[in-house]
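Breakdown of the fold
Read off the chains here:
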Amino acid sequence: MKIGITLGDPAGIGPEIILKALPSIKDLKNVYVFGNAGIFKKTARDLKLMREYNIVKKNLITCTDEVRFHYGKPTRETGSAALQSINCALNYGVDVLVTPPIVKEVIRQRLPDFIGHTEHLAQFFRSKDFAMLGLWRDKRIMLLTTHMPLRHIFKEVKPSAVMRKLMLLE
């Protein structure tokens, strides 16, 4: 099974999480990180995580632009790198996809119809029936709605919508 980990927004916490988490995984032979060596190296240098970077770089597939960034200040360019990372992982054909946080607003500067990971994945796989699912131990938590303003949710919560999601979950 191929496990893909996307970059997240370079100006956010994604690269840091990856640098700190990957070294604790015992077998990394089927784990692929989709991003850019320059982004990870800058984060590693700034956070004094060079040992961790040396582990991560062995699993890194460079497929995004190298962008200049400042932590906590996402830009059109960091959003573009995040989206490139997601698309690269999808096109690589991973079986499992781990996605650190992105900033939808900056991605929308390049891709105006972008709603979020869930909808982007559904579009990629041409799926009309999809849902966001959380897992915790033996618990499964599926959201009825995703990425919409609260004022629109009330017209979406209907018995038929609940039944469709239950059937999907089953």
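Fair warning: this is a prediction, and the values are worked out from it, not measured in the lab.

**Thoughts on the overall build of the chain**
- Across its full length, the chain carries eight helices and six strands.
- If you list the helices and strands of the chain from N to C, you get β-α-β-α-α-β-α-β-α-α-β-β-α-α.
- For 170 residues, the compact-globule formula gives about 15 Å, and the C-alpha radius of gyration of the chain, at 17 Å, lands near that figure.
- Seen along its three principal axes, the alpha-carbon backbone of the chain occupies a region of about 55 × 35 × 25 Å.
- Counting over 170 residues, the chain shows a buried share of 34%.
- Side chains of the chain give 27 positive and 16 negative charges; the mean places of these two sets differ by 2 Å.

**Observations regarding the nonpolar core**
- Counting 19 residues, the largest nonpolar core has Ile5, Ile18, Leu19, Leu22, Val33, Phe40 and Val56 as its most contacted members.
- Among the elements that take part in this core, helix 2 (residues 37-46) stands out by supplying three residues, more than any other.
- Apart from residues lying up to four places away in sequence, Ile18 is in contact with Ile5, Thr6, Leu7, Pro23, Val33, Phe40, Val56 and Pro100.
- Ala82, Leu83, Ile86 and Ile102 belong to the second-largest nonpolar core, a separate cluster that totals seven residues.

**Comments concerning the pairing of strand 5 (residues 133-136)**
- As paired strands, strand 5 and strand 6 (residues 139-142) are joined by four bridges and run antiparallel to one another. Note on strand 6: the bridge partner recorded for Trp136 is Lys139.

**Quick word on the environment of Leu28**
- Here Leu28 shows up in the loop between helix 1 (14-21) and strand 2 (31-35).
- Separated by 27 residues in sequence, Leu28 and Ile55 place their C-alpha atoms 9.4 Å apart.
- When neighbours within four sequence positions are excluded, Leu28 is seen to be in contact with Leu22, Ile55 and Asn59.

**Here we look at the environment of His147**
- Within the secondary structure layout, His147 lies in the loop between strand 6 and helix 7 (150-156).
- Counting along the chain gives 30 residues from His147 to His117, while the straight-line C-alpha distance between them is 9.7 Å.
- Apart from residues lying up to four places away in sequence, His147 is in contact with Lys104, Ile115, Gly116, Thr118, Glu119 and Met132.

**A few points about a nonpolar patch on the surface**
- The grouping of Leu133, Leu135, Val162, Met163, Leu166, Met167 and Leu169 at the surface amounts to a nonpolar patch, some 650 Å² of accessible area in total.
- In terms of residue count, the dominant contributor to the nonpolar patch is helix 8 (residues 159-169) (five residues).
- Tracing the sequence through the fold places Met163 in helix 8.
- The class for Met163 is partly exposed, based on a relative accessible area of 46%.

**Side note on the sheet that holds strand 3 (residues 60-62)**
- The strand order across the open sheet formed by four strands is 3-2-1-4, and the pairing between neighbours is parallel. Every interior strand has two partners, whereas the edge strands, strand 3 and strand 4 (96-98), have only one. If you compare each strand with its neighbour and ignore which way they point, the axes differ by 25 degrees on average.
- As paired strands, strand 1 (residues 3-6) and strand 2 are joined by four bridges and run parallel to one another. Across the sheet, the residue bridging to Ile5 is Val33, located in strand 2.

Rules behind the numbers
Residues numbered from 1 in each chain as written. Predicted model: local features only at pLDDT ≥ 70, side-chain atom pairs only at ≥ 80, totals over all residues. Heavy atoms only, no water. Helix = DSSP H or I, 4+ residues; strand = E, 2+ residues; numbered from the N terminus. Rg over C-alpha atoms; globule rule 2.2 N^0.38 Å. Buried < 20%, exposed > 50% of the residue type's maximum accessible area, 1.4 Å probe, protein only. Lys, Arg positive; Asp, Glu negative; His and termini not counted. Charge placed at Lys NZ, Arg CZ, Asp CG, Glu CD. Core = buried A, V, L, I, M, F, W, Y, C linked by side-chain atoms within 4.5 Å. Contact = heavy atoms within 4.5 Å. Pairing = 2+ DSSP bridges. Patch = residues over 30% accessible without salt bridge, like charges linked within 9 Å, V, L, I, M, F, W, Y side chains within 5 Å. Areas by Shrake-Rupley, 256 points an atom, 1.4 Å probe, with all protein chains shown as cover. Salt bridge = Lys/Arg side-chain N within 4 Å of Asp/Glu carboxyl O. Axes fitted to C-alpha atoms, helices over the stretch in contact; angles between N-to-C directions.

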